[in-house]
Amino acid sequence: GNKMKIRSGFVTNSSSTNFLIISKEELTEEYLLKKLGFTDSSPIINSGRLLVSELMRGIENGVRWYDIPEINYDAVLDIFGRESAEKYLKLNKKGFFAYVGHTNSDDECLAAFLTMDHFEIDNHDFYMNGLNCVW
């Protein structure tokens, strides 16, 4: 007779979004929370905190689908496009910090939501590009 095969291990059809953050200040969870618009009185502050910790973990894990030894103009150009690369160049000269990482649709709810689409935040002291979305 036919035996059903059960596959164990990690099976996923999740998507991931590579993101770039260029920030005037060094990234901390509190700073990122503030820059993403969360306040202590926000009704979804707990989800915000989870999102921020997922993003920080995403930075530790680096980008997906690319092997980049360091963040530089060419790497940013390759992954995020010319506009972000030009912004990186300009802000890097001003001493801004640059971070890359990725979120997964398997992550906590808000991080998964970010992964479902591409997004961009552009302020004078904080830039985040999550346009590199792969299913």
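Structure: above.
These figures come from a predicted structure and were not determined experimentally.

Examining the overall build of the chain
Thought 1: Summing up its helical and strand segments, the chain has five helices and four strands in all.
Thought 2: Along the chain, from the amino end to the carboxyl end, the secondary structure elements read β-α-α-α-α-β-α-β-β.
Thought 3: The buried share of the chain, taken over its 135 residues, is 45%.
Thought 4: In the chain, of all internal contacts separated by at least 6 residues, the share reaching a separation of at least 24 is 70%.
Thought 5: Element-wise, carbon and sulfur atoms account for 51% of the exposed surface of the chain, whose accessible area totals about 8,400 Å².

Describing the packing of aromatic side chains
Thought 1: Taken as a whole and assessed by the stated rule, the structure comprises one aromatic pair.
Thought 2: Ring centres 6.4 Å apart and planes at 75° place the aromatic pair Tyr31 and Phe126 in the edge-to-face group. Taken together, the residues span a long stretch of sequence, with Tyr31 in helix α1 (residues 29-35) and Phe126 in strand β4 (residues 126-134) at a distance of 95 residues.

Section: helix α3 (residues 73-80)
Residues that lie three or four places apart on an α-helix share one face, since the helix turns once every 3.6 residues.
Thought 1: Those residues of α3 that fall on the buried side of the exposure criterion are Tyr73, Ala75, Val76, Ile79 and Phe80. Axial view of α3: buried residues confined to an arc of 165°, hence all on one face. Facing away from the buried side of α3 by more than 90 degrees, the exposed set consists of Asp74 and Asp78.
Thought 2: The opening residue of α3, the one whose side-chain oxygen lies 3.2 Å from the backbone nitrogen of Asp74, is Asn72.

Examining the nonpolar core
Thought 1: Grouped together as the largest cluster of nonpolar side chains are 16 residues, with contacts concentrated most on Ile21, Leu27, Leu32, Ile59 and Phe126.
Thought 2: For this core, the secondary-structure elements that each account for two or more residues are β1 (16-23), α1, α2 (45-61) and β4.
Thought 3: Considering each element in turn, this core owes the most residues, six residues, to α2.
Thought 4: Val63, Leu91, Phe96 and Tyr127 belong to the second-largest nonpolar core, a separate cluster that totals 13 residues.

Considerations on the pairing of β1
Thought 1: Counting buried positions over the eight residues of β1 gives eight, a clear majority of the element.
Thought 2: A two-sided burial pattern is seen for β1, the buried positions comprising Ser16, Asn18, Leu20 and Ile22 on one face and Thr17, Phe19, Ile21 and Ser23 on the other.
Thought 3: Sheet analysis places β1 next to strand β2 (residues 97-104), joined by eight bridges and oriented antiparallel. Within the sheet, the bridge partner assigned to Phe19 lies in β2 and is Gly101.

Topic: the pattern of salt bridges
Thought 1: Applying the stated criterion to the full structure yields six salt bridges.
Thought 2: The partner of Glu30 in a salt bridge is Arg49, with the nearest N and O atoms 2.8 Å apart. One end of the pair, Glu30, is in helix α1; the other, Arg49, is in helix α2, and 19 residues separate them in sequence.
Thought 3: Residue classification places Arg49 among the partly exposed residues on the basis of a relative accessible area of 34%.

Notes on helix α4 (residues 82-93)
Thought 1: Between its terminal C-alpha atoms α4 stretches 17 Å, which fits the 16 Å expected from 12 residues at 1.5 Å a residue.
Thought 2: Turning to α4, its buried residues number three or more, namely Ser84, Ala85, Lys87, Tyr88 and Leu91. Take α4 and look down its axis: the buried residues cluster within an arc of 160°, on one side only. Residues Arg82, Glu83, Lys90 and Lys93 are exposed on α4 and point more than 90 degrees away from its buried face.
Thought 3: Looking one or two residues past α4, Gly95 carries a phi angle of roughly 85°, positive in sign.

About the criteria used
Residues numbered from 1 in each chain as written. Predicted model: local features only at pLDDT ≥ 70, side-chain atom pairs only at ≥ 80, totals over all residues. Heavy atoms only, no water. Helix = DSSP H or I, 4+ residues; strand = E, 2+ residues; numbered from the N terminus. Buried < 20%, exposed > 50% of the residue type's maximum accessible area, 1.4 Å probe, protein only. Contact = heavy atoms within 4.5 Å. Areas by Shrake-Rupley, 256 points an atom, 1.4 Å probe, with all protein chains shown as cover. Phe/Tyr/Trp six-rings, centres within 6.5 Å; stacked < 30°, edge-to-face > 60°. Arc of directions from axis to C-beta. Polar contact = N/O pair within 3.5 Å; in protein donor to acceptor, adjacent residues only side chain to side chain. Core = buried A, V, L, I, M, F, W, Y, C linked by side-chain atoms within 4.5 Å. Pairing = 2+ DSSP bridges. Salt bridge = Lys/Arg side-chain N within 4 Å of Asp/Glu carboxyl O. Expected span 1.5 Å × (residues − 1).

Just distances and angles here, no functional claims.
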